[in-house]
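Breakdown of the fold
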Amino acid sequence: MSLPKSDLTKQADGRTTMELGPVLPKTADVRDGHLFIGGVDMVELAREQGTALYVFDEADLRDRMRQYRESFAANYPNAGVLYASKAFLNKEVLRIANEEGMFLDVSGGGELACAQAVGFPMERVFMHGNYKTEAELREAISAGVGRIVLDTRLELARVSRIAGELGVVQKVLMRITPGVEADTHEYIKTGCEDSKFGFTMLDDFAFKCVGDVLGTPNVDLVGFHCHIGSQIFALHSFVEAVQVMAKFVARVRDEYGLYVEDLDMGGGLGVAYLADDKPSSIAEFAECTANAVMEASLEYGLPLPRLLVEPGRSLVANAGVTLYTVGVMKTLPNIRKYVAIDGGMSDNVRTALYHADYEATIANKADQPRTEIVTLCGKHCESGDAVVLDGSLQHADLDDIVCVFATGAYCYTMSSTYNGQPHPAIVFVRDGQARVVTRRETYEDLMARDV
Ligand SMILES: *Cc1c(COP(=O)(O)O)cnc(C)c1O
C-alpha cells in the first residue's frame, strides 16, 4: 500500500497540545514543556520503561465508566452497561470494570478466560460472536455466563445440546440485524442487511426463528440484541434502531406471548480522534437511548425492559496514549517529511488498515506549537506502515518522545509481533503513580511456544 501524497500547501495548525481538547485523556496537562498524564511525566516514564509504551489514564477510564452508569441510571429505571472487552483487554482493565459495576461483553474463549482469571462475576458476562466454537460455548455455559447471544440457528442447536449435557438451562438473547446502518455523518439503510452477524429481518427470518428458540429445550430466551456499528456520531441512528427493535419486541409479545426482560442495544458511540471531532457525549447518548426505549415501550404498551448497552471504544479510546522515541528523520523535498518511531503497525494497525486519524505531540515540547506536517512512520517492512499520515507536529529531533493520543481502543488488542517486534508494556497512571499492568514482551516470550 502506498501513502497518499502530502498536501504541502496545507498549513500546520499551530495549535499546542492543550488545545487538542476532547482527544486528550482527562488528566493531561503540560508542566515545564513536558506532557503529564495522571500526574506522571510522560518523558520520564518513556525513558524509564522504554518505548513503544501504552499508557492509560486510570482516572479517565473510571470516570467514563461512572458516566455511563450514572447517565443511564439518571434516565432509566433498570439499565446495565457492558464493557466490550475486545476494545482493550488485560486483567487490570477487567478488574477496574468489575469495581465500577460494569457488565462484560466477551466474544471468545480467550476474553472469557481473562474475565475468569480476575474473578469477574459470570452472571454479568455476555458471550457474543458469529462463530463461537463448540469448545467456547462449552466453556461459557459451564462457567455460568449470564447470557449467550445467539447468532444462528446452528448455534441454537449447539447451545441446547451442550446445556442439556451440562444439565443447565442457558439464558440467551437473539442478535437481530435491525436494518439500520450507522455512519459517522449519516445513516444508510441500504446494504446493511448484508452482514455476517445475527438473524436477518429479511423475509421475516428473525421473527420465525424466535419460534424455533422458544421451542428448543435447555435455552431460555430472555431478550434481543442488536449492534448497528462503531464510531457513530449521529444519535438518530440509535433512536431508529430502538424503534425497529421495539416494534419487533411488540410483535413477539403479540404473536408468541413472550415478554422480554432484556433489550441490548449494543455499542458504537463515537469518540474524538481529531481536535475538531465532535462526538455526542456519554450523557447525551444515555438520555437519547433511554428516552427512545421509554417512548417506544409506551407506544406499544410494553413493560420497560432492562436496557443494556455495550460500549467499547467510548470507554477506553481517549484514556489511552502511545509513547514512542524518534529515531530517524527523512525529508523528501516537495513530497513529505518522515519521522520514524520505534513501533508502528505492530502496535497500532488502524492507520495502515484504514487510514485512521490521530493527533500527536512531542511530549518533551508539549508547550510548543505544532508547526510542521509530517508522517509518523513505523519501523516495519511495509510502505504503508505509519501511525499518523500527514499530521501536525512540533519540529522533531532525535530522541524526542512522541505521544499519539486516543490509542486506547482497538490498538493493543489488534497488535502483532510483525518483524519480531515484542508487544509493548502497558502502564496505568494515576495520582502521580505509574504501575506496569502488562509487562513488555521479551525475545524469549516471542519464542516460548516454538519447539
Ligand atoms: C464491537 C462491539 C461492541 C463495542 O463497540 P464500540 O464501537 O467499541 O462501542 C459492542 N457490542 C458488540 C456485539 C460488538 O461487536
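Structure's up top.
Everything quoted here is computed from the prediction, not taken from an experiment.

Thresholds applied
Residues numbered from 1 in each chain as written. Predicted model: local features only at pLDDT ≥ 70, side-chain atom pairs only at ≥ 80, totals over all residues. Heavy atoms only, no water. 1 Å grid on protein atoms, 1.4 Å probe; cavity = no way out; pocket = protein on both sides within 12 Å on 5 of 7 lines; lining within 4 Å. Points joined across faces, edges and corners; volume = space filled by probe spheres on them. Helix = DSSP H or I, 4+ residues; strand = E, 2+ residues; numbered from the N terminus. Nonpolar A, V, L, I, M, F, W, Y, C, P; charged D, E, K, R; others polar. Buried < 20%, exposed > 50% of the residue type's maximum accessible area, 1.4 Å probe, protein only. Axes fitted to C-alpha atoms, helices over the stretch in contact; angles between N-to-C directions. Parallel < 35°, antiparallel > 145°, perpendicular 65-115°, else oblique. Left-handed = near helix turned anticlockwise from the far one by under 90°. Contact = heavy atoms within 4.5 Å. Salt bridge = Lys/Arg side-chain N within 4 Å of Asp/Glu carboxyl O.

1. Concerning empty space enclosed by the protein
Scanning the model with the defined rule gives 2 cavities of 30 Å³ or more in all. Considered as a void within the structure, the largest cavity measures approximately 90 Å³ in volume. Elements with a contribution of two residues or more to the lining of the largest cavity: α8 (235-256) and α9 (282-300). Sorting elements by how many residues they give to the lining of the largest cavity places α8 first, with 3 residues. Of the residues in the lining of the largest cavity, the class split is 10 nonpolar, 1 polar and 1 charged.

2. Considering unusual backbone geometry
Cis peptide bonds are those with omega within 30 degrees of zero, and the linkage from T51 to A52 qualifies with -5 degrees. Its location among the elements puts A52 in the loop between α1 (42-49) and β4 (53-57). The backbone of Q231 sits at a positive phi, close to 55 degrees, despite the residue not being glycine. Turning to its location among the elements, Q231 is positioned in the loop between β11 (219-225) and α8. Among the residues examined, Q231 registers a relative accessible area of 15% and is labelled buried. The phi dihedral of A406 falls on the positive side, at around 60 degrees, and the residue is not glycine. When you line up the elements, A406 lands in the loop between β19 (401-405) and β20 (425-430).

3. Some points on the packing of helix α2 (residues 58-75) against α9
When two helices pack together, their arrangement is captured by the angle between the axes and the distance separating the axes. Relative orientation of the contacting elements α2 and α9 amounts to 30 degrees, with a least axis distance of 9 Å. Judged by the angle between their axes, α2 and α9 are roughly parallel. Remark: the crossing between α2 and α9 carries right-handed chirality. Where α2 abuts α9, its residues R64, Q67, Y68, S71, F72 and N75 lie against I282, A283, F285, A286, E287, T289, A290 and M294. Of the residues in the contact of α2 with α9, the class split is 8 nonpolar, 4 polar and 2 charged.

4. Notes on the pattern of salt bridges
Evaluated as defined, the whole model comprises 29 salt bridges. The partner of R62 in a salt bridge is E99, with the nearest N and O atoms 2.8 Å apart. Taken as a pair, R62 in helix α2 and E99 in helix α3 (residues 91-99) lie far apart in primary sequence, 37 residues in all. What makes R62 buried here is its relative accessible area of 10%. In this structure E99 comes out as exposed when scored by relative accessible area, which is 56%. Among the salt bridges present, the one from D254 reaches R253, with a minimum N-O distance of 3.0 Å.

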